[in-house]
Amino acid sequence: MRQPSSNEEGFLFCTGDLYPTCQPGRIAEVAKQEIVMTVHVQLLSAFIRKADIAAHYPGGCETFEQQHTLGEGDAYLYRLVSMSSEGLDALLDEIEQGGLDIEQFVAIADMWAGPFKEIPSISFTRIGEDFPPTWIAASTQEHNHD
């Protein structure tokens, strides 16, 4: 394998870059970007920060996750998914009856239409212009619940 000479520019493939096209001029820009964990919106999704569950749900994350075994997420967000608005309403009623203020701590989005209910601590972003759209959610206040 030939090594680039000292006056040649090499290529840089950035980990996590879906399109490995980092040009030398973009290397510094990419290196400065903060890595933000995201969760895809699927069907009708309710998002709750794990830090909020830990702080405000009786029994914290462990109890919440035992009660909502079909939920998933990343280190910062927990996502509950439903196929219908009635199913989502039932999930939200369970969460509220469990002791979490859904108005303050829950954001809701549809996989095609995007956010329906936003809160300051969770942001939604549409990725690309393709159809069907792809929406992701991210915590705007990156505090791990551990």
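Just so we're clear, the structure is a prediction, and the values are computed from it rather than from any experiment.

### Remarks on the confidence of the model for the protein
With 72% of its residues at a pLDDT of at least 70, the protein reaches an overall mean of 79. Mean pLDDT across the elements of the protein bottoms out in helix H1 (residues 24-32) (42) and peaks in strand S5 (residues 106-110) (97). Note on residues 1-35: pLDDT is under 50 here. Beyond four places in sequence and across chains, it has 11 contacts.

### Section: the packing of aromatic side chains
Taken as a whole, this structure holds 4 aromatic pairs when the rule is applied. Where Phe64 meets Tyr78, the ring centres are 5.1 Å apart and the plane angle is 80 degrees; that geometry is what we call edge-to-face. Of this pair, Phe64 sits in helix H3 (residues 60-67) while Tyr78 sits in strand S4 (residues 77-82); the two residues are 14 residues apart in sequence, bridging distant segments of the chain. The class for Phe64 is buried, based on a relative accessible area of 0%. Relative to Phe131, the ring of Trp112 has its centre 5.3 Å away and its plane inclined at 75 degrees; by these criteria the two rings are edge-to-face. Separated by 19 residues along the polypeptide, Trp112 in the loop between S5 and strand S6 (114-117) and Phe131 in the loop between strand S7 (122-127) and strand S8 (134-139) bring together distant segments of the chain. The class for Trp112 is partly exposed, based on a relative accessible area of 45%. Put simply, the rings of Tyr57, Phe64 and Tyr78 touch in pairs and so form one group of aromatic residues.

About the cut-offs
- Residues numbered from 1 in each chain as written.
- Predicted model: local features only at pLDDT ≥ 70, side-chain atom pairs only at ≥ 80, totals over all residues.
- Heavy atoms only, no water.
- pLDDT = per-residue confidence, 0-100.
- Helix = DSSP H or I, 4+ residues; strand = E, 2+ residues; numbered from the N terminus.
- Contact = heavy atoms within 4.5 Å.
- Phe/Tyr/Trp six-rings, centres within 6.5 Å; stacked < 30°, edge-to-face > 60°.
- Buried < 20%, exposed > 50% of the residue type's maximum accessible area, 1.4 Å probe, protein only.

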